[in-house]
Amino acid sequence: MEIEDPRPIPEPVVLPPPKTEPAWDRAAVAEMELALRVRKLDLWYGAKQALFGIDLDVPKNTVMSLIGPSGCGKSTLLRSLNRMNDLIDGVRIQGQVLLGDQDLYDPKVDVIELRKRMGMVFQKSNPFPKSIYENVAYGLRIHGVKDTRVLDETVERSLVGAGLWDEVKDRLKDSALGLSGGQQQRLCIARALAVKPEVILMDEPCSALDPIATGRVEELIFELKKDFTIVIVTHNMQQAARVSDFTGFFWLGKLIEVGLTKQLFTNPTQRTTEDYITGRFG
């Protein structure tokens, strides 16, 4: 004999459609010098559109976090900022990405020089199978720097900047592959710093790290914004709240809302943003 379940059937969660224009706290950045400006950026992978009309301002010497569920477009935007999507067949892009006053999608732009100005740190640490020293010096060597004194000074400065110098200064000739996961990620940050970028892009830099290593990288991000502008993609909303000055929320390829981090997490203006940060979906 079947017993009828007395519990009521829950109402399905119906999410409101995202607005085309994001709620952007313009007043928060009106008086700040901008490092990056994204204007009406659309991107297609073949016939599928992945980004829709993205408008985003990133002030200098700040941390901008991009949050949202998997597949919402935040990493796609990050890779568009230094034109890494150029490496994917079938990608088509419309709109502008401005670094200072330079349109990065101008046909005259030297992409190699661009990537020197826009350092990248990936989700999984990717040290080269070389010594610790050569990992950091690599970017300078491929740009033709041969002066040993310059290389030595840059390696030390970059490792100090990445909070790694005291841990590795006596074993610079050892393989980078012998470092712990957290140390390898900080080495990759040092490698990015060596070429003196203006902006550092970070794609889930702590997703493979333990809590202690994550804490060190977050402390490092806080220190680095004194000299660099940082854009970080993270699934960890607590991390975004801890490290960033501004946060942008992505959903279905659209930038739904962006503004001061504290404001977005405590008083979002869009219902979809509130539903995401309170766990109704994601």
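Scroll up to find the structure.
Now for a look at the structure at hand. (Residues numbered from 1 in each chain as written. Predicted model: local features only at pLDDT ≥ 70, side-chain atom pairs only at ≥ 80, totals over all residues. Heavy atoms only, no water.)

## With respect to the nonpolar core
Moving on, step 1. If you look at the biggest cluster of nonpolar residues, it comprises 36 residues, and the most contacted ones within it are L159, L187, I189, I200, M202, I221 and L224.
Moving on, step 2. Put simply, the parts of the chain that give this core at least two residues each are α4 (132–142), α5 (148–161), α6 (165–168), α7 (181–193), β8 (199–203), α8 (211–224) and β9 (229–233).
Moving on, step 3. L224 has contacts with G161, I189, L193, I200, M202 and I230, leaving out every residue within four places of it along the chain.
Moving on, step 4. Judged by nonpolar contacts, the second largest core, of 33 residues, contains L51, L104, V199 and F250. (Core = buried A, V, L, I, M, F, W, Y, C linked by side-chain atoms within 4.5 Å. Buried < 20%, exposed > 50% of the residue type's maximum accessible area, 1.4 Å probe, protein only. Helix = DSSP H or I, 4+ residues; strand = E, 2+ residues; numbered from the N terminus. Contact = heavy atoms within 4.5 Å.)

## Some details on the packing of aromatic side chains
Moving on, step 1. Summed over all chains, the structure comprises two aromatic pairs.
Moving on, step 2. One residue, R92, lies across the ring of W44, its end atom 4.0 Å from the ring centre.
Moving on, step 3. Over the face of the ring belonging to F52 we find K254, whose NZ or CZ atom lies 5.6 Å from the ring centre. (Phe/Tyr/Trp six-rings, centres within 6.5 Å; stacked < 30°, edge-to-face > 60°. Lys NZ or Arg CZ within 6 Å of the ring centre and 35° of its normal.)

## Observations concerning the layout of surface pockets
Moving on, step 1. Taken as a whole, the largest pocket holds about 560 Å³ of empty space.
Moving on, step 2. Taken together, 20 residues form the lining of the largest pocket, with R115, K116, M118, M120 and I142 sitting closest to its centre.
Moving on, step 3. When residues of the lining of the largest pocket are traced back to their parent elements, those giving at least two are α3 (111–117), β7 (118–121), α4 and α7.
Moving on, step 4. Partitioned by chemical class, the residues of the lining of the largest pocket number twelve nonpolar, five polar and three charged.
Moving on, step 5. Computed from the structure, the second largest pocket encloses a volume of approximately 170 Å³. (1 Å grid on protein atoms, 1.4 Å probe; cavity = no way out; pocket = protein on both sides within 12 Å on 5 of 7 lines; lining within 4 Å. Points joined across faces, edges and corners; volume = space filled by probe spheres on them. Nonpolar A, V, L, I, M, F, W, Y, C, P; charged D, E, K, R; others polar.)

## Remarks on the pairing of β9
Moving on, step 1. Counting buried positions over the five residues of β9 gives five, a clear majority of the element.
Moving on, step 2. With four bridges joining them, strand β4 (residues 63–67) and β9 adopt parallel strand pairing. The partner of L66 across the bridge, within β9, is V233.
Moving on, step 3. Once you follow β8 into α8 and on to β9, the crossover reads as right-handed. (Pairing = 2+ DSSP bridges. Right-handed = clockwise from strand over helix to strand, strands pointing away.)

## A word on the packing of α4 against α7
Moving on, step 1. Contact geometry of α4 with α7 gives a least axis separation of 7 Å together with a crossing angle of 35°. The element α4 and its partner α7 pack so that their crossing is right-handed. Together, I132, N135 and V136 of α4 and L187, A190 and R191 of α7 make up the contact between the two elements.
Moving on, step 2. Along the lines of polarity and charge, the residues of the contact of α4 with α7 split into four nonpolar, one polar and one charged. (Axes fitted to C-alpha atoms, helices over the stretch in contact; angles between N-to-C directions. Left-handed = near helix turned anticlockwise from the far one by under 90°.)

## Considering unusual backbone geometry
Moving on, step 1. One non-glycine residue, N61, lies in the positive phi region at around 55°.
Moving on, step 2. Mapped onto the elements, N61 comes out in the loop between β3 (48–59) and β4.
Moving on, step 3. Classification of N61 by relative accessible area gives partly exposed; the value is 37%.
Moving on, step 4. Its identity is not glycine, yet L252 carries a phi of approximately 55°, on the positive side.
Moving on, step 5. Structurally, L252 can be placed in the loop between β10 (246–251) and β11 (254–260).

## Some thoughts on the packing of α5 against α7
Moving on, step 1. Remark: α5 packs on α7, axes separated minimally by 8 Å, with the N-to-C direction vectors making an angle of 130°. The angle between α5 and α7 places the two elements in the oblique class. Crossing handedness for the pair α5 and α7: right-handed. Along its contact with α5, which presents R157, S158, L159 and G161, the element α7 presents L187, A190 and L193. (Parallel < 35°, antiparallel > 145°, perpendicular 65-115°, else oblique.)

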